[in-house]
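For reference, the chains in residue letters:
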Amino acid sequence: MPTNFERLKGRQSIAAFLAKKVGTVAGFLRTDHKGRCVLRDVSGEMVLPDNLAVVAPCWLGLSFTDDGQTEVLYQQSVNANSEVTRLQADYGQLKRRWSIYQEVRRFFLEQEFLEVDTPVAVACPGMEPFLDSWPIDNNWLRTSPELHLKRLLAGGYDRIFQIGPCFRKGDLGRLHREEFHMLEWYRVFADLDSLIQDIGALLTHLAPLATDPDFFRSLPDLVTCQEVFAKYLDMDLIDTTDKTPLRDKLDEMGITYAQEDDWDTLYFLLFLNFIEPKLGRERPLILCGYPASQAALARKAPQQPGVFPTCFRLELYVRGSEIANGFDELVDPREQRARFEAERKVRNQLGKPVYPMDEPFLTCLESGLPPSAGIALGMDRLVLALLDLTDMDQILPFHPE
Amino acid sequence: MLKTDQFRKKLKIELNGDPYIMLDVDFVRPGKGQGFVRTKLRNMISGSVTERTFKSNETAKPAEVREDEMQFLYQDGEDFAFMDNKTYEQITMSRESLGDTANYLYEGITGTISFFNNIPINCEIANFVEHEITDCEPGIKGNSATNAQKPAKISTGFKLNVPLFVEQNSWIRIDTRTGEYAERCKRPEGR
(Lines give C-alpha, C1' and ligand atoms only; values in the text may rest on other atoms or scores of the structure.)
Protein backbone atom coordinates (compact mmCIF):
# COMPACT_ATOMS: atom_id res chain seq x y z
CA MET A 1 0.00 0.00 0.00
CA PRO A 2 2.74 2.57 0.78
CA THR A 3 4.02 2.34 -2.81
CA ASN A 4 0.52 3.18 -4.05
CA PHE A 5 0.40 6.27 -1.85
CA GLU A 6 3.62 7.43 -3.48
CA ARG A 7 2.03 7.03 -6.89
CA LEU A 8 -1.09 8.90 -5.79
CA LYS A 9 1.06 11.96 -5.02
CA GLY A 10 1.62 12.46 -8.74
CA ARG A 11 -2.09 12.55 -9.49
CA GLN A 12 -3.69 15.12 -11.77
CA SER A 13 -6.96 16.94 -11.47
CA ILE A 14 -9.80 15.32 -13.40
CA ALA A 15 -9.95 18.31 -15.74
CA ALA A 16 -6.27 17.90 -16.59
CA PHE A 17 -6.60 14.14 -16.95
CA LEU A 18 -9.51 14.40 -19.39
CA ALA A 19 -7.26 16.25 -21.83
CA LYS A 20 -4.71 13.39 -21.93
CA LYS A 21 -6.58 10.30 -20.70
CA VAL A 22 -3.34 8.88 -19.30
CA GLY A 23 -1.99 9.07 -15.77
CA THR A 24 -3.32 8.97 -12.24
CA VAL A 25 -6.53 10.52 -10.94
CA ALA A 26 -8.32 10.36 -7.62
CA GLY A 27 -11.58 11.63 -6.29
CA PHE A 28 -14.89 10.82 -4.78
CA LEU A 29 -16.73 8.04 -6.56
CA ARG A 30 -20.48 7.67 -6.78
CA THR A 31 -23.06 6.32 -9.17
CA ASP A 32 -25.21 8.76 -11.10
CA HIS A 33 -28.92 8.46 -11.90
CA LYS A 34 -28.17 6.37 -14.98
CA GLY A 35 -26.21 3.88 -12.89
CA ARG A 36 -22.82 4.93 -14.28
CA CYS A 37 -19.78 5.29 -12.03
CA VAL A 38 -18.69 8.92 -11.81
CA LEU A 39 -15.43 10.13 -10.26
CA ARG A 40 -15.52 13.73 -9.06
CA ASP A 41 -13.05 16.28 -7.70
CA VAL A 42 -13.08 20.11 -7.46
CA SER A 43 -12.05 20.44 -11.10
CA GLY A 44 -14.82 18.34 -12.59
CA GLU A 45 -16.07 14.83 -13.05
CA MET A 46 -15.63 11.89 -15.38
CA VAL A 47 -17.56 8.74 -16.16
CA LEU A 48 -15.47 5.61 -15.51
CA PRO A 49 -15.17 2.67 -17.92
CA ASP A 50 -17.91 0.03 -17.59
CA ASN A 51 -15.51 -2.68 -16.43
CA LEU A 52 -15.01 -0.94 -13.08
CA ALA A 53 -17.75 -2.02 -10.71
CA VAL A 54 -18.47 0.07 -7.65
CA VAL A 55 -20.53 -1.06 -4.70
CA ALA A 56 -20.85 2.13 -2.69
CA PRO A 57 -19.61 5.73 -2.77
CA CYS A 58 -15.97 5.95 -1.74
CA TRP A 59 -12.70 7.78 -2.33
CA LEU A 60 -10.81 6.17 -5.18
CA GLY A 61 -7.39 6.53 -6.78
CA LEU A 62 -6.97 5.17 -10.33
CA SER A 63 -4.13 4.85 -12.80
CA PHE A 64 -4.74 4.77 -16.56
CA THR A 65 -1.98 3.52 -18.86
CA ASP A 66 -1.69 4.51 -22.52
CA ASP A 67 -2.68 0.99 -23.66
CA GLY A 68 -6.08 1.45 -22.05
CA GLN A 69 -5.44 -0.55 -18.86
CA THR A 70 -6.80 0.72 -15.57
CA GLU A 71 -5.46 -0.07 -12.12
CA VAL A 72 -7.11 0.74 -8.82
CA LEU A 73 -4.36 2.25 -6.62
CA TYR A 74 -6.42 2.91 -3.55
CA GLN A 75 -10.04 2.50 -2.56
CA GLN A 76 -11.19 3.74 0.79
CA SER A 77 -13.26 1.36 2.85
CA VAL A 78 -16.98 1.88 2.46
CA ASN A 79 -17.69 2.63 6.13
CA ALA A 80 -15.28 5.54 6.28
CA ASN A 81 -17.17 7.26 3.48
CA SER A 82 -20.75 7.23 4.61
CA GLU A 83 -22.70 10.45 4.03
CA VAL A 84 -21.99 11.51 7.63
CA THR A 85 -18.25 11.92 7.21
CA ARG A 86 -18.34 13.70 3.87
CA LEU A 87 -17.23 17.30 3.90
CA GLN A 88 -19.99 19.75 3.12
CA ALA A 89 -17.98 22.44 1.41
CA ASP A 90 -15.28 21.63 -1.10
CA TYR A 91 -11.61 22.46 -0.64
CA GLY A 92 -11.71 25.52 -2.89
CA GLN A 93 -14.45 27.20 -0.87
CA LEU A 94 -12.74 26.39 2.44
CA LYS A 95 -9.52 27.93 1.15
CA ARG A 96 -11.31 31.11 0.09
CA ARG A 97 -13.02 31.23 3.48
CA TRP A 98 -9.72 31.16 5.37
CA SER A 99 -8.10 33.78 3.17
CA ILE A 100 -11.01 36.07 4.05
CA TYR A 101 -10.37 35.42 7.75
CA GLN A 102 -6.70 36.33 7.28
CA GLU A 103 -7.54 39.55 5.44
CA VAL A 104 -10.03 40.57 8.13
CA ARG A 105 -7.30 40.14 10.76
CA ARG A 106 -4.80 42.06 8.65
CA PHE A 107 -7.30 44.93 8.20
CA PHE A 108 -7.69 45.44 11.95
CA LEU A 109 -4.05 44.84 12.84
CA GLU A 110 -2.98 47.41 10.26
CA GLN A 111 -5.19 49.95 12.04
CA GLU A 112 -3.54 49.07 15.34
CA PHE A 113 -6.49 47.27 16.82
CA LEU A 114 -5.47 44.75 19.48
CA GLU A 115 -6.75 41.22 18.96
CA VAL A 116 -8.11 39.89 22.25
CA ASP A 117 -9.64 36.75 23.74
CA THR A 118 -12.53 36.52 26.16
CA PRO A 119 -13.90 33.47 28.02
CA VAL A 120 -16.21 31.09 26.17
CA ALA A 121 -17.86 29.81 29.36
CA VAL A 122 -19.28 32.74 31.33
CA ALA A 123 -21.63 33.39 34.26
CA CYS A 124 -23.92 35.64 32.21
CA PRO A 125 -24.00 34.61 28.53
CA GLY A 126 -26.07 37.65 27.48
CA MET A 127 -29.41 38.69 28.92
CA GLU A 128 -31.40 38.93 25.65
CA PRO A 129 -34.74 37.21 26.32
CA PHE A 130 -34.86 35.33 23.03
CA LEU A 131 -31.29 33.98 22.94
CA ASP A 132 -30.70 30.55 24.49
CA SER A 133 -27.46 28.88 25.47
CA TRP A 134 -26.11 25.67 27.02
CA PRO A 135 -24.93 25.31 30.63
CA ILE A 136 -21.38 24.22 31.46
CA ASP A 137 -21.10 23.39 35.13
CA ASN A 138 -22.22 26.66 36.75
CA ASN A 139 -21.50 28.74 33.67
CA TRP A 140 -23.00 29.16 30.22
CA LEU A 141 -21.60 29.21 26.70
CA ARG A 142 -21.45 32.83 25.59
CA THR A 143 -23.98 34.04 23.01
CA SER A 144 -21.69 36.99 22.30
CA PRO A 145 -18.41 38.28 23.76
CA GLU A 146 -19.65 41.87 24.04
CA LEU A 147 -19.93 42.26 27.81
CA HIS A 148 -16.35 41.12 28.33
CA LEU A 149 -15.09 43.25 25.46
CA LYS A 150 -16.67 46.33 27.04
CA ARG A 151 -14.94 45.44 30.30
CA LEU A 152 -11.67 45.64 28.39
CA LEU A 153 -12.67 49.05 27.02
CA ALA A 154 -13.37 50.28 30.55
CA GLY A 155 -9.96 48.88 31.53
CA GLY A 156 -8.21 51.25 29.13
CA TYR A 157 -8.02 49.39 25.82
CA ASP A 158 -9.05 51.82 23.10
CA ARG A 159 -9.29 49.68 19.92
CA ILE A 160 -9.95 45.95 20.21
CA PHE A 161 -11.29 43.14 18.07
CA GLN A 162 -12.04 39.47 18.52
CA ILE A 163 -12.90 36.58 16.20
CA GLY A 164 -14.26 33.57 18.03
CA PRO A 165 -17.04 31.03 18.41
CA CYS A 166 -20.40 32.02 19.90
CA PHE A 167 -23.34 29.78 20.69
CA ARG A 168 -27.08 30.18 20.22
CA LYS A 169 -29.18 27.16 21.01
CA GLY A 170 -31.89 26.41 18.46
CA ASP A 171 -30.69 28.83 15.77
CA LEU A 172 -30.43 26.62 12.72
CA GLY A 173 -31.12 27.71 9.14
CA ARG A 174 -29.34 28.50 5.93
CA LEU A 175 -27.80 31.60 7.56
CA HIS A 176 -27.82 30.38 11.16
CA ARG A 177 -25.78 27.84 13.06
CA GLU A 178 -25.97 27.05 16.75
CA GLU A 179 -22.22 27.60 16.93
CA PHE A 180 -20.72 30.21 14.69
CA HIS A 181 -17.84 32.67 14.43
CA MET A 182 -18.40 36.23 15.48
CA LEU A 183 -16.14 39.15 14.69
CA GLU A 184 -16.59 42.04 17.11
CA TRP A 185 -14.69 45.31 17.10
CA TYR A 186 -14.86 48.30 19.44
CA ARG A 187 -13.48 51.83 19.59
CA VAL A 188 -13.66 54.26 22.47
CA PHE A 189 -14.55 57.93 21.80
CA ALA A 190 -16.47 56.81 18.74
CA ASP A 191 -20.04 56.72 17.47
CA LEU A 192 -22.04 55.15 14.62
CA ASP A 193 -20.24 57.37 12.09
CA SER A 194 -16.93 55.69 12.87
CA LEU A 195 -18.56 52.25 12.51
CA ILE A 196 -19.98 53.27 9.13
CA GLN A 197 -16.48 54.30 8.04
CA ASP A 198 -15.01 51.04 9.36
CA ILE A 199 -17.59 48.95 7.50
CA GLY A 200 -16.92 50.77 4.24
CA ALA A 201 -13.15 50.41 4.62
CA LEU A 202 -13.38 46.73 5.63
CA LEU A 203 -15.58 45.82 2.65
CA THR A 204 -13.27 47.71 0.26
CA HIS A 205 -10.29 45.89 1.78
CA LEU A 206 -11.99 42.51 1.25
CA ALA A 207 -13.37 43.33 -2.22
CA PRO A 208 -10.50 41.65 -4.15
CA LEU A 209 -11.48 38.34 -2.51
CA ALA A 210 -15.13 38.68 -3.50
CA THR A 211 -16.85 36.97 -6.42
CA ASP A 212 -18.11 40.42 -7.46
CA PRO A 213 -15.43 42.89 -6.26
CA ASP A 214 -17.18 45.99 -7.61
CA PHE A 215 -20.23 45.33 -5.45
CA PHE A 216 -18.11 45.55 -2.30
CA ARG A 217 -16.09 48.55 -3.49
CA SER A 218 -19.25 50.65 -3.69
CA LEU A 219 -19.92 52.92 -0.75
CA PRO A 220 -22.75 51.36 1.31
CA ASP A 221 -26.15 53.03 1.13
CA LEU A 222 -27.24 54.57 4.43
CA VAL A 223 -30.98 54.51 5.14
CA THR A 224 -33.22 54.61 8.20
CA CYS A 225 -35.93 52.16 9.25
CA GLN A 226 -38.51 54.89 8.72
CA GLU A 227 -37.27 55.38 5.15
CA VAL A 228 -37.48 51.70 4.20
CA PHE A 229 -41.01 51.36 5.64
CA ALA A 230 -42.04 54.38 3.60
CA LYS A 231 -40.31 53.11 0.47
CA TYR A 232 -41.42 49.46 0.46
CA LEU A 233 -44.69 49.59 2.39
CA ASP A 234 -45.77 53.20 1.91
CA MET A 235 -46.30 53.67 5.63
CA ASP A 236 -45.16 56.05 8.34
CA LEU A 237 -43.57 54.75 11.53
CA ILE A 238 -44.96 57.11 14.16
CA ASP A 239 -44.30 55.55 17.54
CA THR A 240 -43.40 52.16 19.05
CA THR A 241 -46.66 51.58 20.96
CA ASP A 242 -49.65 51.99 18.62
CA LYS A 243 -50.18 48.61 16.96
CA THR A 244 -53.09 49.73 14.75
CA PRO A 245 -51.10 50.99 11.72
CA LEU A 246 -48.97 47.82 11.70
CA ARG A 247 -52.03 45.55 11.99
CA ASP A 248 -53.79 47.47 9.21
CA LYS A 249 -50.78 47.02 6.93
CA LEU A 250 -50.50 43.31 7.77
CA ASP A 251 -54.22 42.89 6.95
CA GLU A 252 -53.73 44.76 3.69
CA MET A 253 -50.77 42.53 2.75
CA GLY A 254 -52.57 39.33 3.78
CA ILE A 255 -50.22 38.34 6.60
CA THR A 256 -51.75 36.70 9.67
CA TYR A 257 -50.77 37.73 13.19
CA ALA A 258 -52.02 37.05 16.70
CA GLN A 259 -53.91 39.53 18.88
CA GLU A 260 -51.28 39.21 21.62
CA ASP A 261 -48.37 39.99 19.25
CA ASP A 262 -46.49 43.02 20.55
CA TRP A 263 -45.41 46.03 18.49
CA ASP A 264 -41.95 44.62 17.70
CA THR A 265 -43.34 41.26 16.53
CA LEU A 266 -45.76 43.00 14.16
CA TYR A 267 -42.89 45.22 12.98
CA PHE A 268 -40.74 42.18 12.20
CA LEU A 269 -43.55 40.36 10.36
CA LEU A 270 -43.70 43.32 7.97
CA PHE A 271 -39.94 43.83 7.87
CA LEU A 272 -39.06 40.18 7.20
CA ASN A 273 -41.72 39.66 4.54
CA PHE A 274 -41.54 42.85 2.54
CA ILE A 275 -38.36 44.78 3.34
CA GLU A 276 -35.39 42.65 4.37
CA PRO A 277 -35.20 40.58 1.14
CA LYS A 278 -34.86 43.83 -0.85
CA LEU A 279 -32.05 45.42 1.19
CA GLY A 280 -28.52 45.68 -0.19
CA ARG A 281 -29.27 44.33 -3.65
CA GLU A 282 -27.21 46.78 -5.73
CA ARG A 283 -24.57 47.62 -3.15
CA PRO A 284 -24.16 46.97 0.59
CA LEU A 285 -26.67 48.81 2.74
CA ILE A 286 -26.48 50.13 6.28
CA LEU A 287 -29.84 50.37 8.02
CA CYS A 288 -30.00 52.77 11.00
CA GLY A 289 -32.55 54.71 12.99
CA TYR A 290 -33.81 51.56 14.71
CA PRO A 291 -36.97 51.78 16.85
CA ALA A 292 -36.09 52.69 20.45
CA SER A 293 -37.87 49.49 21.55
CA GLN A 294 -35.14 47.48 19.78
CA ALA A 295 -32.21 49.26 21.41
CA ALA A 296 -30.73 46.08 22.99
CA LEU A 297 -27.40 47.49 24.27
CA ALA A 298 -27.47 50.68 22.21
CA ARG A 299 -27.91 54.23 23.47
CA LYS A 300 -31.37 55.67 22.85
CA ALA A 301 -31.70 58.94 20.95
CA PRO A 302 -33.13 61.81 23.01
CA GLN A 303 -36.92 61.67 22.73
CA GLN A 304 -38.66 64.54 21.02
CA PRO A 305 -42.41 65.00 20.88
CA GLY A 306 -43.86 64.08 17.49
CA VAL A 307 -40.68 62.33 16.35
CA PHE A 308 -40.36 58.54 15.91
CA PRO A 309 -38.30 57.34 18.90
CA THR A 310 -35.07 55.70 17.78
CA CYS A 311 -31.82 54.34 19.13
CA PHE A 312 -28.23 54.49 17.89
CA ARG A 313 -28.10 51.05 16.30
CA LEU A 314 -27.23 49.99 12.77
CA GLU A 315 -27.18 46.81 10.74
CA LEU A 316 -25.27 45.93 7.60
CA TYR A 317 -27.19 44.16 4.82
CA VAL A 318 -25.79 42.42 1.77
CA ARG A 319 -28.26 40.99 -0.77
CA GLY A 320 -31.05 40.61 1.74
CA SER A 321 -28.98 39.09 4.55
CA GLU A 322 -28.11 40.74 7.80
CA ILE A 323 -24.33 40.66 8.23
CA ALA A 324 -23.55 42.89 11.21
CA ASN A 325 -25.23 44.69 14.10
CA GLY A 326 -23.57 47.76 15.62
CA PHE A 327 -24.28 50.04 18.56
CA ASP A 328 -23.35 53.40 19.88
CA GLU A 329 -22.91 51.65 23.20
CA LEU A 330 -25.06 52.26 26.22
CA VAL A 331 -22.55 53.37 28.88
CA ASP A 332 -24.95 54.61 31.58
CA PRO A 333 -24.70 52.04 34.41
CA ARG A 334 -28.12 52.86 35.88
CA GLU A 335 -29.97 52.46 32.60
CA GLN A 336 -27.97 49.32 31.81
CA ARG A 337 -28.99 47.80 35.16
CA ALA A 338 -32.63 48.72 34.53
CA ARG A 339 -32.55 47.09 31.06
CA PHE A 340 -30.98 43.92 32.49
CA GLU A 341 -33.69 43.82 35.19
CA ALA A 342 -36.42 44.19 32.57
CA GLU A 343 -34.87 41.43 30.45
CA ARG A 344 -34.54 39.16 33.48
CA LYS A 345 -38.25 39.67 34.11
CA VAL A 346 -39.11 38.70 30.53
CA ARG A 347 -36.87 35.62 30.74
CA ASN A 348 -38.66 34.60 33.90
CA GLN A 349 -42.08 35.07 32.25
CA LEU A 350 -40.97 32.99 29.27
CA GLY A 351 -39.89 30.22 31.64
CA LYS A 352 -36.23 30.55 30.58
CA PRO A 353 -33.17 30.40 32.84
CA VAL A 354 -32.64 33.78 34.52
CA TYR A 355 -28.94 34.58 34.49
CA PRO A 356 -27.23 36.35 37.40
CA MET A 357 -26.81 40.10 37.08
CA ASP A 358 -23.43 40.72 35.44
CA GLU A 359 -22.03 42.74 38.36
CA PRO A 360 -18.40 42.85 37.13
CA PHE A 361 -19.64 44.37 33.86
CA LEU A 362 -21.88 46.90 35.67
CA THR A 363 -18.99 47.83 37.97
CA CYS A 364 -16.90 48.55 34.89
CA LEU A 365 -19.62 50.86 33.56
CA GLU A 366 -19.75 52.58 36.95
CA SER A 367 -16.00 53.09 36.87
CA GLY A 368 -16.57 55.13 33.70
CA LEU A 369 -16.70 53.66 30.22
CA PRO A 370 -16.02 56.41 27.66
CA PRO A 371 -18.53 56.86 24.83
CA SER A 372 -17.83 53.86 22.60
CA ALA A 373 -19.03 52.16 19.47
CA GLY A 374 -18.95 48.44 18.82
CA ILE A 375 -20.23 46.02 16.23
CA ALA A 376 -20.77 42.27 15.94
CA LEU A 377 -20.38 40.70 12.52
CA GLY A 378 -21.14 37.09 11.59
CA MET A 379 -17.94 35.85 9.93
CA ASP A 380 -19.64 32.93 8.21
CA ARG A 381 -22.26 35.24 6.72
CA LEU A 382 -19.59 37.70 5.61
CA VAL A 383 -17.85 34.84 3.77
CA LEU A 384 -21.15 33.78 2.17
CA ALA A 385 -21.81 37.35 1.09
CA LEU A 386 -18.35 37.83 -0.41
CA LEU A 387 -18.51 34.53 -2.26
CA ASP A 388 -22.11 35.23 -3.35
CA LEU A 389 -23.39 32.01 -1.77
CA THR A 390 -26.58 31.46 0.19
CA ASP A 391 -26.14 28.47 2.48
CA MET A 392 -23.72 27.84 5.37
CA ASP A 393 -23.25 24.29 4.08
CA GLN A 394 -21.39 25.76 1.11
CA ILE A 395 -18.58 27.18 3.24
CA LEU A 396 -18.43 25.01 6.36
CA PRO A 397 -16.69 21.64 6.37
CA PHE A 398 -19.29 19.94 8.56
CA HIS A 399 -23.02 20.02 8.89
CA PRO A 400 -24.17 20.29 12.55
CA GLU A 401 -24.21 16.86 14.23
CA MET B 1 -49.91 20.32 16.38
CA LEU B 2 -46.51 20.84 14.77
CA LYS B 3 -44.03 23.29 16.27
CA THR B 4 -41.89 25.43 14.02
CA ASP B 5 -38.74 23.47 14.88
CA GLN B 6 -40.42 20.40 13.37
CA PHE B 7 -40.99 22.21 10.07
CA ARG B 8 -39.27 20.45 7.20
CA LYS B 9 -39.43 20.44 3.44
CA LYS B 10 -42.33 18.29 2.15
CA LEU B 11 -44.22 18.61 5.44
CA LYS B 12 -47.97 19.00 4.91
CA ILE B 13 -49.86 21.50 7.02
CA GLU B 14 -53.39 22.87 7.03
CA LEU B 15 -53.96 26.63 6.80
CA ASN B 16 -57.38 28.27 6.52
CA GLY B 17 -58.88 24.88 5.65
CA ASP B 18 -56.52 24.14 2.75
CA PRO B 19 -53.67 21.62 2.68
CA TYR B 20 -50.22 23.05 1.97
CA ILE B 21 -46.91 21.35 1.33
CA MET B 22 -43.69 23.03 2.49
CA LEU B 23 -41.30 23.75 -0.36
CA ASP B 24 -38.77 25.65 1.71
CA VAL B 25 -38.09 26.33 5.39
CA ASP B 26 -35.52 28.71 6.86
CA PHE B 27 -34.91 30.01 10.36
CA VAL B 28 -34.18 33.70 10.76
CA ARG B 29 -33.48 35.82 13.85
CA PRO B 30 -33.38 39.53 13.09
CA GLY B 31 -30.85 41.23 15.35
CA LYS B 32 -30.99 39.58 18.74
CA GLY B 33 -34.78 39.56 18.81
CA GLN B 34 -37.37 36.90 18.53
CA GLY B 35 -36.79 34.10 16.04
CA PHE B 36 -38.97 33.52 12.98
CA VAL B 37 -39.35 30.69 10.50
CA ARG B 38 -39.79 31.64 6.88
CA THR B 39 -41.63 29.09 4.76
CA LYS B 40 -42.60 28.75 1.15
CA LEU B 41 -45.83 26.79 0.82
CA ARG B 42 -47.69 25.28 -2.11
CA ASN B 43 -51.43 24.97 -1.89
CA MET B 44 -51.99 21.31 -2.71
CA ILE B 45 -55.36 22.02 -4.30
CA SER B 46 -54.78 25.17 -6.33
CA GLY B 47 -51.04 24.71 -6.81
CA SER B 48 -50.35 28.36 -6.00
CA VAL B 49 -47.21 29.13 -4.01
CA THR B 50 -47.21 31.57 -1.08
CA GLU B 51 -44.67 32.67 1.49
CA ARG B 52 -45.54 32.71 5.15
CA THR B 53 -43.42 33.74 8.14
CA PHE B 54 -44.17 32.02 11.46
CA LYS B 55 -43.02 33.12 14.90
CA SER B 56 -40.56 30.61 16.36
CA ASN B 57 -42.95 29.19 18.96
CA GLU B 58 -46.02 29.14 16.71
CA THR B 59 -47.70 25.86 15.81
CA ALA B 60 -49.41 24.60 12.68
CA LYS B 61 -51.98 21.86 12.19
CA PRO B 62 -50.72 18.86 10.22
CA ALA B 63 -52.78 18.26 7.08
CA GLU B 64 -54.34 14.80 6.99
CA VAL B 65 -53.28 13.85 3.51
CA ARG B 66 -53.51 10.19 2.53
CA GLU B 67 -51.70 8.81 -0.49
CA ASP B 68 -52.81 5.78 -2.50
CA GLU B 69 -51.33 4.06 -5.52
CA MET B 70 -53.99 3.90 -8.21
CA GLN B 71 -54.30 2.82 -11.80
CA PHE B 72 -55.81 5.00 -14.49
CA LEU B 73 -58.75 3.29 -16.23
CA TYR B 74 -60.52 5.60 -18.67
CA GLN B 75 -61.54 9.15 -19.43
CA ASP B 76 -65.19 10.17 -19.56
CA GLY B 77 -65.47 13.75 -20.79
CA GLU B 78 -63.71 15.90 -18.18
CA ASP B 79 -63.67 13.08 -15.62
CA PHE B 80 -60.81 10.62 -15.23
CA ALA B 81 -61.46 7.27 -13.55
CA PHE B 82 -58.88 5.53 -11.36
CA MET B 83 -58.90 2.24 -9.47
CA ASP B 84 -57.17 1.40 -6.20
CA ASN B 85 -54.70 -1.41 -6.88
CA LYS B 86 -55.44 -3.14 -3.58
CA THR B 87 -59.12 -2.56 -2.82
CA TYR B 88 -60.35 -2.21 -6.47
CA GLU B 89 -62.31 0.82 -5.27
CA GLN B 90 -62.89 3.34 -8.07
CA ILE B 91 -62.72 7.14 -7.93
CA THR B 92 -62.91 9.95 -10.47
CA MET B 93 -60.81 13.08 -10.68
CA SER B 94 -61.57 16.20 -12.69
CA ARG B 95 -59.20 17.58 -15.30
CA GLU B 96 -58.89 20.69 -13.14
CA SER B 97 -57.60 18.80 -10.08
CA LEU B 98 -55.30 16.65 -12.24
CA GLY B 99 -53.68 19.71 -13.80
CA ASP B 100 -50.98 18.92 -16.38
CA THR B 101 -50.93 15.25 -15.31
CA ALA B 102 -54.10 14.75 -17.40
CA ASN B 103 -51.95 15.25 -20.53
CA TYR B 104 -49.91 12.10 -19.94
CA LEU B 105 -52.42 9.51 -18.68
CA TYR B 106 -52.79 6.25 -20.56
CA GLU B 107 -54.75 3.15 -19.65
CA GLY B 108 -52.97 1.20 -16.93
CA ILE B 109 -50.53 3.94 -15.82
CA THR B 110 -50.01 4.00 -12.05
CA GLY B 111 -50.25 7.31 -10.17
CA THR B 112 -49.94 8.32 -6.52
CA ILE B 113 -53.16 10.10 -5.63
CA SER B 114 -53.33 12.39 -2.57
CA PHE B 115 -56.59 12.65 -0.67
CA PHE B 116 -57.42 15.53 1.65
CA ASN B 117 -60.52 14.83 3.74
CA ASN B 118 -61.16 11.92 1.35
CA ILE B 119 -61.26 14.20 -1.70
CA PRO B 120 -58.63 13.45 -4.37
CA ILE B 121 -56.57 16.61 -4.82
CA ASN B 122 -53.43 15.63 -6.65
CA CYS B 123 -52.02 12.85 -8.83
CA GLU B 124 -48.29 12.26 -9.16
CA ILE B 125 -46.97 10.09 -11.98
CA ALA B 126 -43.45 9.05 -13.00
CA ASN B 127 -41.08 11.81 -14.20
CA PHE B 128 -40.89 10.17 -17.63
CA VAL B 129 -43.70 8.47 -19.54
CA GLU B 130 -43.76 6.89 -23.00
CA HIS B 131 -46.28 7.88 -25.65
CA GLU B 132 -46.86 7.19 -29.32
CA ILE B 133 -46.79 10.10 -31.76
CA THR B 134 -50.22 10.12 -33.40
CA ASP B 135 -49.83 13.18 -35.53
CA CYS B 136 -46.81 15.00 -36.97
CA GLU B 137 -45.07 16.01 -40.19
CA PRO B 138 -42.95 13.28 -41.84
CA GLY B 139 -39.52 12.80 -40.33
CA ILE B 140 -36.40 14.22 -41.97
CA LYS B 141 -33.38 11.93 -41.86
CA GLY B 142 -29.91 13.17 -41.04
CA ASN B 143 -31.14 16.10 -39.06
CA SER B 144 -30.29 14.76 -35.63
CA ALA B 145 -27.58 17.35 -35.04
CA THR B 146 -29.74 20.46 -35.22
CA ASN B 147 -31.97 21.79 -32.50
CA ALA B 148 -34.84 22.52 -34.88
CA GLN B 149 -38.19 21.15 -33.76
CA LYS B 150 -41.66 20.56 -35.18
CA PRO B 151 -45.08 20.26 -33.52
CA ALA B 152 -46.50 16.81 -32.74
CA LYS B 153 -49.48 15.29 -30.99
CA ILE B 154 -49.84 12.21 -28.77
CA SER B 155 -52.88 9.97 -28.22
CA THR B 156 -54.17 12.03 -25.27
CA GLY B 157 -54.42 15.04 -27.58
CA PHE B 158 -51.45 16.75 -25.87
CA LYS B 159 -49.28 18.80 -28.23
CA LEU B 160 -45.52 19.24 -27.85
CA ASN B 161 -42.44 19.96 -29.95
CA VAL B 162 -40.20 17.13 -31.10
CA PRO B 163 -36.97 17.02 -33.13
CA LEU B 164 -37.35 16.88 -36.93
CA PHE B 165 -36.25 13.22 -37.21
CA VAL B 166 -39.16 11.88 -35.11
CA GLU B 167 -41.64 9.88 -37.25
CA GLN B 168 -45.39 9.43 -37.07
CA ASN B 169 -46.32 6.40 -34.90
CA SER B 170 -42.88 6.28 -33.28
CA TRP B 171 -42.60 6.29 -29.49
CA ILE B 172 -41.07 9.00 -27.41
CA ARG B 173 -40.37 9.64 -23.73
CA ILE B 174 -41.82 12.85 -22.24
CA ASP B 175 -40.63 14.65 -19.11
CA THR B 176 -43.88 15.10 -17.17
CA ARG B 177 -42.40 17.87 -15.03
CA THR B 178 -41.85 20.15 -18.01
CA GLY B 179 -44.03 18.59 -20.72
CA GLU B 180 -40.98 18.46 -23.00
CA TYR B 181 -39.68 15.78 -25.34
CA ALA B 182 -36.87 13.78 -23.69
CA GLU B 183 -35.82 11.04 -26.13
CA ARG B 184 -36.97 8.41 -28.63
CA CYS B 185 -37.78 4.97 -27.24
CA LYS B 186 -39.15 1.55 -28.14
CA ARG B 187 -42.83 0.69 -27.78
CA PRO B 188 -43.11 -0.45 -24.16
CA GLU B 189 -44.28 -4.04 -23.67
CA GLY B 190 -48.02 -4.46 -23.51
CA ARG B 191 -48.94 -1.11 -25.03
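Rules used in this analysis
Residues numbered from 1 in each chain as written. Chains lettered and ligands numbered in written order. Predicted model: local features only at pLDDT ≥ 70, side-chain atom pairs only at ≥ 80, totals over all residues. Domains from an automatic or database assignment. Contact = placed C-beta atoms within 7 Å. Nonpolar A, V, L, I, M, F, W, Y, C, P; charged D, E, K, R; others polar. Pairing = 2+ DSSP bridges. Helix = DSSP H or I, 4+ residues; strand = E, 2+ residues; numbered from the N terminus. Expected span 1.5 Å × (residues − 1). Buried ≥ 20, exposed ≤ 12 C-beta atoms within 10 Å, placed from the backbone. Arc of directions from axis to C-beta.

**Here's the deal with the domain arrangement of chain B**
Where the parts come together, the accessible area they lose is often given as the size of the interface. Residues and elements named next belong to chain B. Annotation of chain B at the domain level lists domain 1 (2–62), domain 2 (65–124) and domain 3 (128–185). On a C-alpha basis, the centroid separation for the pair domain 1 and domain 2 is 28 Å. Taken residue by residue, the interface counts five residues in domain 1 and six residues in domain 2. Looking at the side of domain 1 that touches domain 2 residue by residue, the class counts come to three nonpolar, one polar and one charged.

**Considering the sheet that holds strand S9 (residues 139–141) of chain A**
Residues and elements named next belong to chain A. If you walk across this open sheet you meet the three strands as S7-S9-S8, and the pairing is antiparallel. At either margin of the open sheet sits one strand with a lone partner, and together these are strand S7 (121–122) and strand S8 (135–136). Two elements, S8 and S9, share two bridges in a ladder whose sense is antiparallel. Of the residues in S9, the one forming a bridge with Pro135 is Trp140.

**A short note on the interface of chain B and chain A**
Each side of the interface is counted separately: chain B has 16 residues, and chain A has 22 residues. Counting only elements with at least two residues in the side of chain B that touches chain A, the list comes to strand S3 (18–28), strand S4 (36–43) and strand S5 (49–55) of chain B. Grouping the constituent residues of the side of chain B that touches chain A by class yields four nonpolar, five polar and seven charged.

**A few points about helix H3 (residues 91–110) of chain A**
Residue and element names in this part refer to chain A. Over its 20 residues, H3 extends 29 Å from the first C-alpha to the last, a length consistent with the 28 Å expected when each residue adds 1.5 Å. Here H3 has its buried residues at Arg97, Val104 and Phe108. The buried residues of H3 occupy an angular sector of 25 degrees when the element is viewed end-on, so they sit on one face. Facing away from the buried side of H3 by more than 90 degrees, the exposed set consists of Tyr91, Gly92, Lys95, Trp98, Gln102, Arg106, Leu109 and Glu110. In this structure, the buried residues of H3 make contact with strand S10 (159–167), strand S11 (179–188) and helix H12 (379–387).

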